[in-house]
Amino acid sequence: MTDSLCGNLTWDSIMLVKAWKDPNVNNLITAGAAAMIPVGALMVPLLLLWTGWWRPLFRDWLASVDHKKIGVLYIALAVVMLFRGVVEGTLMRLHHATALHGGVLSPDHFNQLFTTHGTTMIFFVAMPLITGLMNVVIPLQLGARDVAYPRLNQIGFWLTASGGFLITISLLIGQFATGGWSAYPAYTGSIFSPGVGVDYWLLSVGLSGIGSTLSGVNFAVTLYKLRAPGMTFMRMPLFLWTSLCVSILLVLIMPPLTVACITLGLDRYLGFHFYTNDLGGNLMNFINLFWMFGHPEVYILALPAYGVMSEVASTFSAKRLYGYPSIVVATMCIAVLSFLVWLHHFFTMGQSALVNAVFGIATLIIAIPTGMKVYDWLATLWRGRIRFTTPMIYLCGFLVLFVIGGLTGIILANPTIDFQVHNSLFLVAHFHNVIIPGVVFGMLAGLHYWFPKVFGFRLLESWGRTTAWLWIVGFSVTFFPLYVAGLMGMRRRAVDYADPAIQPYMIVAAIGSLILCLAFLALLGTILRSILLRKQLAVPLGDPWDARTLEWATPCPPPEYNFAVLPEVTARDAFWEAKENGTAYAPVEKYEDIHLPPPTYYGLWIGAFASVLGFAVVWHIGWLSLLGLLGSIAVPIAYALLPYREIILPAAEVQKQDEAWRCAARETDGVTRDEEAHATNRGLAKPDELEIEFAAAER
Amino acid sequence: MFVSVFHLLATAGNYLEPVGPIAGTERAHLIKVIWVSMIAIGPALLATPLILWRYRRSNARAAYTPKWEGNRLLEIIMWGVPIAVVTWLSLHIWKSTHQLDPYRPLAEEAITVQVVGLDWKWLFLYPDQGVALVDELIVPEGQAVHLILTTDTVMQSLQIPALAGQMYAMPGMTTHQWFFAGLPGETRGFNAQFTGLGFSKQEFVVKTVTQAGFEEAMASMQSAPPLDEATYSKLAERGTPTETKLALGISTDATLRFRLAEPQLFARVLGRYHTGQPLASEAQPGSADYRAEAAALPAAMNTMPMHHHHD
Ligand code: HEM
Ligand SMILES: [Cu+2]
């Protein structure tokens, strides 16, 4: 019976109580992880109160609608969730090393682990990473002051965060789904999966999906409408092109996912029959909807990484990007084609050979623009002056490893081969092979590259490089053995296996996962160490990498309004061109007042009510659901009625700040690339002998 | 036909060590695709370290062209090579997908086996021979085998990697998988689609025997216990193969072989999902609430089972 006060929630739903009553290994592991939630929920506020940091946290961050800060919040969320994801991945790998005929973890625990791991990694690590990075970079590269709808941006973040809250709290209260990140019914229907697990999945994925839709709308409008004067489409940096494709994809593909969540929710909550076994329900409809989202989703993740890699290749080889028009065309091709291949996720569902062949070929065709891009990056490096900075190391790792992931993708596109390796560890190896070297390396390269822009100081190169190598080695040791295990017949999502020949591969993979844990720690170490040394690493003048695009034509960190005067764009590498012409830091004739959107707790309120709503729905707590729902509706109404007062920054104030920076830049000598990683790098680049020589030779 | 290529008596076998011609061709495709893709991929793999080394910043002797941003000929090669490789691979996909279509009948004369996926075991019904086995598929050497698949729980996927790739099986629907048996020997099959707690244990053995051996095995099962509705309902309770045997009160290393006392069993299992009536969780095999007593199969189907059309 459902209690009217607490719904289905009882004391025994709380993991710590469960582990107290039945202290077996599985419960203890979960309880240990779960205990971090109440401890954190107590310690963090205490720490904030004690240090007094709560004030700036709320005022400058949570209330801010500045795209850079919202971007940082997204990335912070991703890093916290990455911690959980990596720990879960490692736990599964360690378990498999012992799982010949058994192993440490119980099936139920293992099943929850791959489900939370997959869901967390895709929706709460990879998605926030790309949304965060796009948030930080799009307006800056575009020569704009903010995104088109700053408040919508804040709401998008808090909806994603409320999804993250739900998947996190499921560790402590109740349990998560066991149906995998793809949640196929009828397994996830109420008959086969009673209990709260799938409901947690539905609500966390559903809420964050709405957040992503909003981000897509926002970025698309920003890119269409807020380009700086002269920034034609064909002058947009590559990262912006990939962002544009991603925005369009987000707007078009998140709705199918939302629909899939709602319809499965209707089945579970209200006894509908969309996907049940009986009364005409059909699970195949869910699978189609899910992958209509799911396949383009992988390009939503990969495209921004391609964008980052394009910027990195050109900046750190001090050379124009090779084949810009080709890469643009290739990017658009990928975006369009990504809609036409979803069926390759179920070649084995009994459709005709004709259908399989068509979708297999469509999938292969994506390899053409993708291969093209790889060649273009190589051509960009060719005859460059390559500097092996951290982002460049990620690019090297990416080029080699991602190409191998591409090869296994081509393999999987063949229906006759897929019949054999579908649902095996081969597939698991393949998608990690494109996601880690592709998406994760791209995002980490971007993080390292743009970190000084946002925070004003560089990340330590020595630590950064070590981190990059650990990721590369860790990835290879963990995932290459899985290809072999998959070919030998080890199924994905299997808690154990019976073939002793597989065990050695599992042991190597387990060692690899420990290296990946080190890589994660080294990432945190890089950030912490750099914060401690931030004085030496500061690059206030704005251009630590001798870079080419507009975001570097501002101080580090940029003022809230980004650009004192909107830049005029006359060429593709706008900032590089300005540096060559000697106009990069030239005095500005006329300043104007700048209007800024006021800070607001709008998003925070929405996120709070959405979290309450989600939690209450999961536990069938009627009154609380109603409260959450009414709150979520009341907040927008209330804010619509409240007066909206923009902050006006007087021209004189803008002028003072901007001139200080320009003067400093003109009076500083700058450093050559030999000193890029030295304390002398204050963010002003000086062309070095070599480049001058070449420029002279060209004239 | 192709059978002679394969080693005599393989006891294990997997995708890489096939024991039948279908899986053998599927492996050949893997190798072919890798080699052909290498035409496009190999140069990138080789060029990456070479370029990185040659054009490192400290190498002042290397050429440097900071403003170079395009070359017509190079552009043609860069689009051309992937296009050529993909064209070849596409033709290959077109041909191979039709050639190895799991639905394509391989012979006039075939052993037909109706397969019911249960949590977490497989029930194989031989309508022509009038027998049924759990987690054991017996086939005569070299013969074409036609599996007709469904499940009486959530979606599953049947795979015998050394003989043929996988095919989903879904409740209330049928799918098909044809393959040729190899030489006498044993190999492993399993469910590849995650189905919950006992999933990893859902494996079965495929026994390829001589024609005479096959006839003998089929004949010997005519005196086995009957598989009627009541026994089936009991089998359908969720449990790993071991748990099921314990529940039926037989030794865990005994085989579960039956005489098929209910020839309409497969059709009635399909019909469970087409009665037009809701199915309570007690009557749904695979659910934790399922009780054999509560789960009568429909006497006759009032609807045709929804066929998975092959168009
Ligand atoms: C950091 C190291 C990582 C390790 C050690 C790891 C390990 C694993 C393991 C053991 C599985 C389960 C394999 C199985 O089904 O048997 C898995 C599944 C999965 N992983 Fe990872 N992983 C890592 C990183 C990532 C990343 C970065 C992503 C994506 C951003 C990711 C996304 C997924 C997804 C989507 C699944 C499928 C879950 C499912 O079956 O529904 N993983 N991973
Ligand atoms: Cu896909």
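For the structure itself, consult the block above.
Quick caveat, the model's predicted, so the values are computed rather than measured.

Quick look at the site of ligand 1 now. Residue and element names in this part refer to chain A. Contacts to ligand 1 come from 25 residues, most closely from Arg93, His117, Trp181, His432 and Arg493. Between Trp181 and ligand 1, the recorded distance is 2.7 Å, taken from a backbone N or O atom to an oxygen atom. Within the contact set of ligand 1, a nitrogen atom lies 2.7 Å away from a side-chain nitrogen or oxygen of His432. Elements that contribute at least two residues to the shell around ligand 1 include exactly α4 (67-97), α5 (107-142), α14 (425-455) and α16 (503-532). By residue number, the principal contributor to the shell around ligand 1 is α14, which donates 7 residues.

On to the coordination of the iron atom of ligand 1, then. For the iron atom of ligand 1, every protein donor is listed as His117 of chain A (NE2) and His432 of chain A (NE2), and the spread of their distances is 2.0 Å. On the basis of relative accessibility, which here comes to 13%, the residue His117 of chain A falls in the buried class.

So, about the coordination of the copper ion (ligand 2). Residue and element names in this part refer to chain A. Protein-derived ligands of the copper ion (ligand 2) are His295 (ND1), His344 (NE2) and His345 (NE2), with the metal-ligand distances lying across 1.7 to 2.0 Å. In terms of primary sequence, the donors binding the copper ion (ligand 2) are separated according to H-x48-H-H. Just as His344 is buried, His345 falls in that class too.

Residue and element names in this part refer to chain A. If you check helix α8 (residues 238-270), its first and last C-alpha atoms are 47 Å apart, about what 33 residues at 1.5 Å a residue would give, namely 48 Å. Within α8, 24 of the 33 residues are buried, leaving the element largely enclosed by the surrounding structure. Gly271, located one to two residues past α8, shows a positive phi value of around 70°.

The next thing to look at is the packing of aromatic side chains. Residue and element names in this part refer to chain A. What the rule picks out here adds up to 50 aromatic pairs over all chains. On the numbers, 6.2 Å between centres and 15° between planes, the contact of Phe286 with Phe290 is stacked. With Phe286 and Phe290 both in helix α9 (residues 283-315) and 4 residues apart, the pair spans about one turn of that helix. A residue is classified by how much of its surface remains accessible, and Phe290, at 0% relative accessible area, is buried.

With that settled, consider the interface of chain B and chain A. Contact with chain B, which involves 99 residues of that partner, is made by 96 residues of chain A. Roughly 8,600 Å² is buried in total at the junction of chain B and chain A, and carbon and sulfur atoms are behind 65% of that figure. Contact with chain A buries area across many residues of chain B, yet Arg57, Tyr64 and Phe194 of chain B alone supply 11% of it, more than any other trio. At the boundary of chain B and chain A, one finds 5 salt bridges. Taken together, the connections running from chain B to chain A amount to 38 residue pairs in polar contact (both at pLDDT 80 or more).

So, about unusual backbone geometry. The omega angle of the peptide bond from Cys556 of chain A to Pro557 of chain A is -10°, so this bond is cis rather than trans. Locating Pro557 of chain A in the fold gives a position in the loop between α17 (534-537) and α18 (574-581). With an omega dihedral of -5°, the bond running from Asp119 of chain B to Trp120 of chain B counts as a cis peptide bond. On the secondary structure map, Trp120 of chain B appears in the loop between β1 (111-118) and β2 (121-126). Despite not being glycine, Asp546 of chain A has its phi angle at roughly 50°, a positive value. Structurally, Asp546 of chain A is set in the loop between α17 and α18. In this structure Asp546 of chain A comes out as buried when scored by relative accessible area, which is 7%.

What counts and what doesn't
Residues numbered from 1 in each chain as written. Chains lettered and ligands numbered in written order. Predicted model: local features only at pLDDT ≥ 70, side-chain atom pairs only at ≥ 80, totals over all residues. Heavy atoms only, no water. Near = heavy atom within 4 Å. Polar contact = N/O pair within 3.5 Å; in protein donor to acceptor, adjacent residues only side chain to side chain. Helix = DSSP H or I, 4+ residues; strand = E, 2+ residues; numbered from the N terminus. Donors = N, O, S within 2.8 Å, 3.2 Å for Na, K, Ca; no water. Buried < 20%, exposed > 50% of the residue type's maximum accessible area, 1.4 Å probe, protein only. Expected span 1.5 Å × (residues − 1). Phe/Tyr/Trp six-rings, centres within 6.5 Å; stacked < 30°, edge-to-face > 60°. Contact = heavy atoms within 4.5 Å. Buried area = accessible area lost by both parts, 1.4 Å probe. Salt bridge = Lys/Arg side-chain N within 4 Å of Asp/Glu carboxyl O.

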